[in-house]
Amino acid sequence: MSSASQGLQTWATAGAIAAGVASGTHSAERVVAGALERIATLNPTLNAVTAVTRDRALAKARAIDADGRNGRVAGPLAGVPFAVKNLFDVAGLTTVAGSRINRNYPPASADATLIARLEAQGGVLVGALNMGEYAYDFTGENAHDGASRNPHDLDRMTGGSSGGSGGAVAGGLVPIALGSDTNGSIRVPASLCGIFGLKPTYGRLSRAGTFPFVSSLDHLGPLARCVADLALSYDAMQGPDPADPVCTTRQAEPTAHAIARGIEGVRLAVAGDYFRRGAHRESLEAVERVARALGVTREVVLPKAANARAAAYIITATEAAALHLDRIRRVPGDFDPDVRDRLIAGTMIPATFVAKAQKLRRWYRTAILELFRDVDVIIAPATPCSAPTLGQKTIVLDGEELPLRPNLGIFTQPISFIGLPVVAVPIPVEPLPVAVQVIAAPWREDIALRVAYVLESMGVAVAPRPNLSYPDL
Amino acid sequence: MDPSQDTLDALIAANAALLGLVLAPEWRATVRQSLAVSFRLAALVEDIDLPDEAEPAPVFEA
């Protein structure tokens, strides 16, 4: 195969792969074998993948090719390799959720709902991905599996907790990965790895068959290198699921056919006040580039965003501590120390704060929905900075040196706190990319995707390719 | 809300005993640091004056 076609396969979009497989110009087996080869070659460097589902993937790919030969209509994701954060159930694998403790649990008996839905549309699962332990993380570091490494600079963090998802997509291992986002765990790695990420409305996508973190804040969603692939995979995963009690009963609202519809009439504003304080130069520049490209002059203030973020923090600390209390009692030494000590502290936060935080949550939701009467999309930074160095423990925000781990999410937490849909769009500022959040009103993922697509079409948002050596396929 | 180190240490010791948690001595400093952050942030939650009738959102719907 020529070097040109090799490059095409490594960086091919999910849409291009599926179209090629559907038309018979690509073999699903060759596409999947290519992804497996890239994982074998690059994962020792990136440490994004913790389990490879080789046999299952090749069997599925061969079945797709056979279906094509027999004249069956290919699904919209035919032959598209994808991987999932290792908190997703994969039949036959133990759902480790980044932990050592869960390795003693029995293997999952079935796939998570979202894996089943992607595979029903022709997607091919090729592996499970590294993550921060139990998703209590914004760094992508992991004491048991080692840190996920940023493909753009191997000495830097991917961000987390969906660190392997960020590294696998940015590093060209797969075009699509799934992650979870409780306080920013899709948007932070999308930002630090320079890729697109979609955190849908709370309740939009089923979480059935995934290991929880903070149920009242947990979301799942895709990461990809282009907006069309986000929409393609998101559409395949939508729809009610009685197995997740908070999953919406709304029917699927497809988006992929409409992302190029433009944004005429869409009312845009930049988030001011809280979302400008603490942001480093590169994050402010990214927001400025987006605002300039879209001609946004309006600024809105999300009222009490700092207080909302604090409430999200308190709810997270206490719900997570409650979830893990028994494990903290029995096997505290088996946790990642960075996670364990936060969980222990979480058991000791007075319940009165939690009750107040839940009241604040509803108050804040009402206030933000009021804002959305006058605007359709709010632009805000995704992270306060580009990728920190691995092992870095503190960060300077607004002149104050603070612990890094909880503070990478200062701009994502006030948004997921009330379940708003967000597309993280990567802006190629120097020396490393950083993302901007395109935030819409509940259930309006379609608008956020359209704005992201415009930015991508203008060349303002792009997932840069890292300087890595790819296998000669 | 900025409790002293002694207050936090007393809280940690009492809660650990009540909840049946065994803390290695070398974990205490980071537990204390984490708890101090939580109390500082809880102060921001307390700061917001809400009416008695304000409804909580323990099962959130967007």
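Residues numbered from 1 in each chain as written. Chains lettered and ligands numbered in written order. Predicted model: local features only at pLDDT ≥ 70, side-chain atom pairs only at ≥ 80, totals over all residues.

Draft legend 1. Spatial organisation of the overall build of chain A. Secondary structure assignment for chain A yields 15 helices and 15 strands. In terms of overall dimensions, chain A is globule-like: its C-alpha atoms have a radius of gyration of 21 Å, near the 23 Å expected for 473 residues. Along the first, second and third principal axes, the C-alpha set of chain A runs to 60 × 55 × 45 Å. Sorting the 473 residues of chain A into buried and exposed places 62% on the buried side. (Helix = DSSP H or I, 4+ residues; strand = E, 2+ residues; numbered from the N terminus. Rg over C-alpha atoms; globule rule 2.2 N^0.38 Å. Buried ≥ 20, exposed ≤ 12 C-beta atoms within 10 Å, placed from the backbone.)

Draft legend 2. How the structure looks around the interface of chain B and chain A. Taken residue by residue, the interface counts 32 residues in chain B and 37 residues in chain A. Of all the elements in the fold, those that place two or more residues in the side of chain B that touches chain A are helix 1 (5-19) and helix 2 (28-47) of chain B. By residue number, the principal contributor to the side of chain B that touches chain A is helix 2 of chain B, which donates 12 residues. For the side of chain B that touches chain A, the residue count by class is 23 nonpolar, five polar and four charged. (Contact = placed C-beta atoms within 7 Å. Nonpolar A, V, L, I, M, F, W, Y, C, P; charged D, E, K, R; others polar.)

Draft legend 3. Highlighting the sheet that holds strand 6 (residues 176-181) of chain A. All names here are of chain A. If you walk across this open sheet you meet the 11 strands as 1-3-2-6-8-7-14-15-11-9-10, and the pairing is mixed. Looking at which strands have only one partner, the edges of the open sheet turn out to be strand 1 (49-52) and strand 10 (299-300). Bridging between strand 7 (residues 196-199) and strand 14 (residues 422-427) involves three bridges; their strand directions are antiparallel. In the sheet register, Gly197 faces strand 14, and the bridge partner there is Ala424. Contacts between helix 4 (residues 54-69) and the sheet are confined to strand 1 and strand 3 (124-129), with strand 3 contributing the most and set at about 160 degrees to the helix. (Pairing = 2+ DSSP bridges. Axes fitted to C-alpha atoms, helices over the stretch in contact; angles between N-to-C directions.)

Draft legend 4. Structural detail: helix 4 of chain A. All names here are of chain A. Its 16 residues place the ends of helix 4 23 Å apart at the C-alpha level, agreeing with the 22 Å of an ideal helix rising 1.5 Å per residue. Among all positions of helix 4, only Ala57, Lys60, Ala61, Ile64, Asp65 and Gly68 are buried. The buried residues of helix 4 occupy an angular sector of 140 degrees when the element is viewed end-on, so they sit on one face. In this structure, helix 4 carries Asp55, Ala66 and Arg69 as exposed residues pointing more than 90 degrees from its buried face. (Expected span 1.5 Å × (residues − 1). Arc of directions from axis to C-beta.)

Draft legend 5. Broad picture of helix 8 (residues 227-237) of chain A. Residues and elements named next belong to chain A. With respect to burial, helix 8 is a largely interior element, 11 of its 11 residues being buried. For helix 8, the full list of buried residues reads Val227, Ala228, Asp229, Leu230, Ala231, Leu232, Ser233, Tyr234, Asp235, Ala236 and Met237. One or two positions beyond helix 8, positive phi appears at Gly239, with a value near 120 degrees.

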